[in-house]
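Spelled out from the first residue to the last, the chains are:
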Amino acid sequence: MPLLLVMALLLAGDGWAAGRHGPQSARDYLSHALDVMETRSVRRDQVDWTHLRREAFTRAESARTPSDTYPVIAQALKDLGDRHSYFLTSTEAAIQRQGQEDTFPGLTGRRLPHALGYLALPAVGGARETRDTYVRQGRAAVKEVERNGNACGWIIDLRQNEGGLVGPMFAVAAPFLGEGKVGAFVFADGTSTPWSVKNRRPELNGEQSPWGAADPLRTPDPPVAVLTDGRTASSAEALLVAFRGRPGTRTFGAESRGVPTGIEGFPLSDGAVIALTTARDADRTDRVYDEAIPPDQNVPTVRADIGTDRDEVVKAAAQWLQEVAGGRGCEPPPAPPDSR
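Quick summary incoming for the structure in this document. (Residues numbered from 1 in each chain as written. Predicted model: local features only at pLDDT ≥ 70, side-chain atom pairs only at ≥ 80, totals over all residues. Heavy atoms only, no water.)

### Looking at the overall build of the protein chain
1) Next: Along the backbone of the protein chain there are eight helices and 14 strands.
2) Next: Scored against the burial criterion, the 340 residues of the protein chain give a buried share of 52%.
3) Next: In the protein chain, the share of contacts with a sequence separation of at least 24, taken over all contacts with a separation of at least 6, comes to 73%.
4) Next: Summing over all exposed atoms, the protein chain offers an accessible surface of approximately 15,100 Å²; the carbon and sulfur share of this is 47%. (Helix = DSSP H or I, 4+ residues; strand = E, 2+ residues; numbered from the N terminus. Buried < 20%, exposed > 50% of the residue type's maximum accessible area, 1.4 Å probe, protein only. Contact = heavy atoms within 4.5 Å. Areas by Shrake-Rupley, 256 points an atom, 1.4 Å probe, with all protein chains shown as cover.)

This is the structure in structure tokens:
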């Protein structure tokens, strides 16, 4: 399974797609959708499937076509209780496949005082061209920060990132994560699929991402401050988890949304898609996450201050980076005023 598709919408077909040889009845369509959920849901062992199925078929008793069951399937996904699964109609799925962006206004890199680097990674989705553009712009932002000298510490800002495709984010962030295993997906049956970085290129279960290796940082293994807030969700939480357990790393801001889980897309016979939570995220120490992730240091985020000199979260992160990276060329933090 390609890394860029994990924890996002898998809109290509797979072995679960049904009804390829002809139209399905509403009942068969709904039954197949429920079969997918029962077999692959990360919560499959915690759900009363007899009750869930009975409720779903009761709601769908007047359905005559597959599309009549859409609201029923959407409700069943909510009833799973994983807070992440959702349903896309055939029209919505087609729009997702075709989505494309040429620029990402929230993807910014800049050099801060005291030889610190700042990189904000927003959400990304859509077509292959969009993903390629994101990786190219993200890596260029890192190079621009270091154009006039090394950065002895970095701030990685995941605030406002509500998820999407994880692969492009990992491709940009790979040089900061370090080499080797950085996390894993853990499935309902206890099996896991590791995420790792090899020569600054992310891999999923040994399969490399399509973007090649990122350039090395001018300061290897710098201290990193990761910023989060209540909008940091899904694949952004996966990247947050990948930083957990990394030496020289501290998180700032507010707790994340609370859906650090992996989504797979299961196409149905008419092009609609079940976006189903099939795995939980685990960090490099094998700790598994399934709820909001608190920061190491709570600092309130004022949305209007993001990107300005008033951003208290960035100030707190920069202060810590100066303290831990002073030996690498960062200027020391200012001394407290003399109270005598």
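Next comes the rest of the write-up.
### Side note on the layout of surface pockets
1) Next: The space that makes up the second largest pocket amounts to roughly 300 Å³.
2) Next: Lining the second largest pocket are 15 residues, and of these Leu 112, Pro 113, Val 314, Lys 315 and Ala 318 sit closest to its centre.
3) Next: When residues of the lining of the second largest pocket are traced back to their parent elements, those giving at least two are strand E2 (108–112) and helix H8 (312–325).
4) Next: Take the lining of the second largest pocket: its biggest share by element is five residues, from H8. (1 Å grid on protein atoms, 1.4 Å probe; cavity = no way out; pocket = protein on both sides within 12 Å on 5 of 7 lines; lining within 4 Å. Points joined across faces, edges and corners; volume = space filled by probe spheres on them.)

### Comments concerning the sheet that holds strand E9 (residues 224–228)
1) Next: Spatially, six strands are ordered E2-E3-E4-E9-E10-E14 in an open sheet, and the strand pairing comes out mixed. Only two strands of the sheet have a single partner each, and these edge strands are E2 and strand E14 (297–298).
2) Next: The sheet strands contacting H8 are E2, strand E3 (116–120), strand E4 (153–157), E9, strand E10 (249–253) and E14, and the helix crosses E9 at an angle near 165°. (Pairing = 2+ DSSP bridges. Axes fitted to C-alpha atoms, helices over the stretch in contact; angles between N-to-C directions.)

### Quick word on the nonpolar core
1) Next: Counting 39 residues, the largest nonpolar core has Leu 119, Leu 121, Phe 170, Phe 176, Trp 195 and Leu 239 as the members making the most contacts within it.
2) Next: For this core, the secondary-structure elements that each account for two or more residues are helix H5 (128–145), E4, helix H6 (166–177), strand E5 (180–187), strand E6 (192–198), E9 and helix H7 (235–243).
3) Next: Those residues within four positions of Leu 121 in sequence are excluded, and the remaining contacts are Tyr 134, Ile 156, Asp 157, Leu 158, Asn 161, Met 169, Val 172, Ala 173 and Leu 239.
4) Next: Listed in part, the 25 residues of the second largest apolar core include Leu 34, Val 47, Leu 52 and Ala 272. (Core = buried A, V, L, I, M, F, W, Y, C linked by side-chain atoms within 4.5 Å.)

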